Amino acid sequence: MPVIDDREGISAKIIQEFFDFSDKRVLEIGCGKGRITMAIAEHSSHVTAIDPLAEDIQTAKQNTPGPLKGKINFIASGIEDFNLPEGSAKFDIALFSWSL
Amino acid sequence: MVHALRKAFSSLNPGGVILEVHDLVDPPRIEIHTNQSEIFAGQLLSDNNFENQRLADQAIGQVIEDGFLLSDQALVYENYLRADTFDSLTDWLDETWESAYIPEGTRRKVIDLIAKSGDESEVVLRMVSRLMELKPTPKFT
């Protein structure tokens, strides 16, 4: 283990203890490689996860387990450029994970 | 950042909330951990004095002061990053945190502590983060 960054794992656990994501539609801003995204997707209705780094979005897509693929929409975008896809419902939670 | 908060809010259903997490301005602690001990070696500093964290705090303060959002609840907790060697930590910092630096005295102390602790030691960066729930004030709901 050269470096183990526990921050997202610890934070994912804390965030879920702090807030009930059951059946919620979530917008995650600054999702990076999607570690928090995947944790909250297990309990939420749907997660739209955005990050301006296309490379991280690509990695996140590749790392998404099959059962979660239908619950997460990864988009390469910052919040300033993000527009809700036409016909999409709004969100119940917007989560800034180290991205403000 | 204020604009980002407002943009996020515009994407929410009525009754929706914003959750925000970032590290506190406090400098992270550098520690050497072994099976038997946790030794404080010094602090990680930033040549921009943790400007990003400071600006995030200011933005949240601004939307609250403007009466746009209110802080419903907040939680402060500890986060960790663990490296097997000092070089691993400095490589990670070079790649992901350009403004961070380890003062020379702390650097020497970390290297000395690792040498004394042997192969079982790890270098731990201990940070403090805050998770906050923000809700729109009644006039914006």
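Residues numbered from 1 in each chain as written. Chains lettered and ligands numbered in written order. Predicted model: local features only at pLDDT ≥ 70, side-chain atom pairs only at ≥ 80, totals over all residues.

Asks: How should the nonpolar core be read in this particular structure?
Replies: Where a protein is soluble and globular, its nonpolar side chains tend to be buried together. The biggest cluster of nonpolar side chains holds 38 residues, and the ones touching the most others in it are Val26, Ile29, Ile40 and Ala94 of chain A together with Ala8, Ile18 and Leu19 of chain B. Residues Ile32, Phe86, Val124 and Leu125 of chain B belong to the second largest nonpolar core, which totals 14 residues. (Core = buried A, V, L, I, M, F, W, Y, C linked by C-beta atoms within 7 Å. Buried ≥ 20, exposed ≤ 12 C-beta atoms within 10 Å, placed from the backbone.)

Asks: Help me understand the interface of chain B and chain A in this model?
Replies: Often the size quoted for an interface is simply the accessible area lost on bringing the parts together. Taken together, the contacts link 31 residues of chain B with 28 residues of chain A. Of all elements in the fold, only helix H1 (2-10), strand E1 (12-23), helix H2 (51-65), strand E5 (69-83), helix H3 (86-96) and strand E7 (122-136) of chain B reach the threshold of two or more residues within the side of chain B that touches chain A. Considering only residue class, the side of chain B that touches chain A consists of 18 nonpolar, eight polar and five charged. Relative to E5 of chain B, strand E1 (residues 3-5) of chain A runs antiparallel, the two being bridged by three bridges. Bridge pairing in E5 of chain B places isoleucine 4 of chain A opposite arginine 82 of chain B. (Contact = placed C-beta atoms within 7 Å. Helix = DSSP H or I, 4+ residues; strand = E, 2+ residues; numbered from the N terminus. Nonpolar A, V, L, I, M, F, W, Y, C, P; charged D, E, K, R; others polar. Pairing = 2+ DSSP bridges.)

Asks: Would you mind going over the pairing of strand E3 (residues 46-51) of chain A with me for this structure?
Replies: Consecutive side chains along a regular strand alternate between the two faces of the sheet. Residue and element names in this part refer to chain A. With five of six residues buried, E3 is to be regarded as a mostly interior element. Here five bridges tie strand E2 (residues 25-29) to E3, and the two strands are oriented parallel to one another. Residue pairing in the sheet places arginine 25 in a bridge with histidine 46 of E3. Alignment of E3 against strand E4 (residues 72-76), held across five bridges, turns out to be parallel. Paired with aspartate 51 across the two strands is alanine 76, which belongs to E4.

Nothing here speaks to function; it is all geometry.
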